[in-house]
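Summary of the model geometry
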Amino acid sequence: MSDHTHSPVTPTPEPPYYAVVFTSLRTGDDADGYGHTAEHLSRLVRDVPGFLGEDSAHTPGGLAISVAYFRDLDGIERWRRHPEHLAAKRRGRERWYERYVIHIARVEHTHAFARA
């Protein structure tokens, strides 16, 4: 029994690279606006130099974890300053999130498994 949804696991390059971990708890308000904005931002970030991919999962209760992978800190900073990303963050604080936390980590090692 699964109580969450997720995207396919993103293949990542050889380390080092950076992971931006965004953990949030949603308010439940404006689900359509949130979903549309999240899809739009997911398309936009692909054009940011240094962006490598993303993974995400969420529960029906509103807990979500998204991990965006970047080659370097410059890519993370470009995304942080992107005008549409900034506008979405403002809307998120105003109506979509009860709380969130962001962690930025340098990935030194990865290990993967895939059933053949």
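For the structure itself, look to the data block above.
Residues numbered from 1 in each chain as written. Predicted model: local features only at pLDDT ≥ 70, side-chain atom pairs only at ≥ 80, totals over all residues. Heavy atoms only, no water.

**Some points on the nonpolar core**
The tendency in soluble globular proteins is for nonpolar side chains to be buried as a group. With 12 residues, the main nonpolar core is built from Y18, V20, L41, L44, V45, V48, F51, A68, F70, I76, W79 and A88. Among the secondary structure elements, those contributing two or more residues to this core are β2 (17-26), α1 (31-45), β4 (63-70) and α2 (73-81). At 3 residues, α1 tops the list of elements feeding residues into this core. Not counting residues within four places of it along the chain, the set of residues in contact with L44 comprises W79, H82 and E84. The next biggest cluster of nonpolar side chains, apart from the first, holds 5 residues, and it includes Y17, A19, V67 and Y69. (Core = buried A, V, L, I, M, F, W, Y, C linked by side-chain atoms within 4.5 Å. Buried < 20%, exposed > 50% of the residue type's maximum accessible area, 1.4 Å probe, protein only. Helix = DSSP H or I, 4+ residues; strand = E, 2+ residues; numbered from the N terminus. Contact = heavy atoms within 4.5 Å.)

**So, helix α3 (residues 83-96)**
Look at α3: 18 Å from first C-alpha to last across 14 residues, which is about the 20 Å you get at 1.5 Å a residue. The set of residues buried in α3 consists of H85, A87, A88, G92 and W96. Buried residues of α3, seen end-on, are gathered within an arc of 155° and therefore sit on one face of the element. Those residues of α3 that are exposed and aimed more than 90 degrees away from the buried face are P83, R93 and E94. The elements touched by buried residues of α3 are β2, α1, α2 and β5 (97-107). (Expected span 1.5 Å × (residues − 1). Arc of directions from axis to C-beta.)

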